[in-house]
Amino acid sequence: MEGMLKPGSFKEKTIVITGGGTGLGRSMGKYLLELGANIVITSRKKEVIDKAAQELMKETGGRVLAVPCDVRKYEEIEQLLIVTQKEFGQIHGVLNNAAGNFISPTERLSHRAFDIVVDIVLKGTYYMTLAAGKNWITKKQPGTFLNIVTTYAWTGSGYVVPSACGKAGVLALTRSLAVEWAKYNIRSNAIAPGPFPTEGAWSRLLPGELASKFDPAKRIPLKRVGEHQELANLAAYLLSDYSAYVTGEVVTIDGGEWLRNGGEFSHLEDVTTDMWDAFEKMRK
Ligand code: HXC
Ligand code: NAP
């Protein structure tokens, strides 16, 4: 649960974090600040990011710029990059973390409900990526993208179908540009977290009684949900120069959840020792 990188690893580095005022974006941002980074946090809600910026600066002594920006609006992203460079100069990394999600049987969704999630997750990420990537390429500057996806980006998942479609697209974007933009010294990686408690995710994915009915920890071989610092350590590594040779990768951090739930015989963990003894007797 401790910070992993050397103090000062992000000294004089500037990282832009979409959705950086809440949840995991805020936790990753806090750790980057502790490592010496300047961070820029963005989201649609000015009051949320302004408050988060004040608190983060107080907690870490670092520099935080809060810029309202809807990642579905390309002009707002361009403006965000202008303001960031004015304040901090060069941008070194972009953490595409903003997302929208909720659970619903797909047949109950309106097309607008489908749009809203795909637009935040996929369009928001490729708009941010396109704008920042062009900026780096024009200025001949290196850069690093880190995209937050989920494990159902590759398995798919019922009841969160717009999110699954959006995250799958983000994973394709991550891998495609890792190859295409390597010649510009731009890296592109992703993290696929399993359940990490946040107000934003829990309120939308485990509303009402679902939280007690479907305890996520029960589906996880390591029998617990993730700690924010564990994710922050991985994110900091992938955004740092320590991972300079890593690109096009997606790192899963889920306590074994997705493999367990795909494994044909994973449910045999419910077989008791007595039952295993009885099977052995039968076999002999
Ligand atoms: C069905 C819904 C819905 C729901 C909204 N809609 N919520 N449909 N079930 N629960 C529909 C609305 O009826 C409307 O369609 C359309 O979606 C737009 O809804 P609005 O409320 O106007 O949108 P908006 O206020 O912009 O809010 C966007 C949002 C909201 C995505 C719906 O949840 C949000 O702001 N989310 C941001 C943060 C977030 O989602 N964080 C969780 C990420 S967790 P109609 O047809 O009526 O106009 C995550 C974890 C993944 O991704 C993996 C976990 C292990
Ligand atoms: P969260 O706190 O709700 O974070 C989502 C953030 O995205 C919010 O700050 C939100 O701010 C911002 N956002 C939404 N729409 C936006 C838009 N159009 N433009 C700019 N910002 C926008 O939830 P979280 O759990 O920390 O999720 C963070 C990331 O982790 C997401 O990518 C999510 O898919 C991923 N993830 C989470 C979990 C988990 O268990 N928590 C698991 C796997 C993956 P505003 O509403 O103010 O715009």
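A quick note: this is a predicted structure, and the numbers were derived from the prediction, not measured.

Q: Explain the site of ligand 1 here, please?
A: Around ligand 1, the structure places 16 residues, and the nearest of them are Arg44, Asn101, Ser110, Arg112 and Arg204. A distance of 2.9 Å is found between an oxygen atom of ligand 1 and a backbone nitrogen or oxygen belonging to Asn101. In the environment of ligand 1, an oxygen atom lies 2.9 Å from a nitrogen or oxygen atom belonging to the side chain of Arg112. Contact with the protein chains covers 60% of the free accessible surface of ligand 1, which is 1100 Å². When residues of the shell around ligand 1 are traced back to their parent elements, those giving at least two are α4 (111–139) and α7 (199–205).

Q: Looking at this structure, I do not really get the packing of helix α1 (residues 23–34) against helix α2 (residues 46–60). What am I missing?
A: Between two packed helices, the angle of one axis relative to the other and the distance separating the axes together describe the packing. Axis separation between α1 and α2 bottoms out at 10 Å; the angle between their running directions is 35°. In terms of crossing hand, the pair formed by α1 and α2 is right-handed. Here α1 contributes Arg26, Lys30, Leu33 and Glu34 to the contact with α2, which in turn contributes Ala52, Glu55, Leu56, Glu59 and Thr60. Residues belonging to the contact of α1 with α2 are distributed by class as follows: three nonpolar, one polar and five charged.

Q: Would you explain unusual backbone geometry in this entry?
A: In this structure, Tyr159 takes a positive phi of about 75° despite not being glycine. Along the chain, Tyr159 falls in the loop between α5 (152–155) and α6 (161–180). Look at Asn185: it is not a glycine, yet its phi comes out positive at around 65°. Along the chain, the position of Asn185 falls in the loop between α6 and β6 (186–193).

The rules behind these values
Residues numbered from 1 in each chain as written. Chains lettered and ligands numbered in written order. Predicted model: local features only at pLDDT ≥ 70, side-chain atom pairs only at ≥ 80, totals over all residues. Heavy atoms only, no water. Near = heavy atom within 4 Å. Polar contact = N/O pair within 3.5 Å; in protein donor to acceptor, adjacent residues only side chain to side chain. Areas by Shrake-Rupley, 256 points an atom, 1.4 Å probe, with all protein chains shown as cover. Helix = DSSP H or I, 4+ residues; strand = E, 2+ residues; numbered from the N terminus. Axes fitted to C-alpha atoms, helices over the stretch in contact; angles between N-to-C directions. Left-handed = near helix turned anticlockwise from the far one by under 90°. Contact = heavy atoms within 4.5 Å. Nonpolar A, V, L, I, M, F, W, Y, C, P; charged D, E, K, R; others polar.

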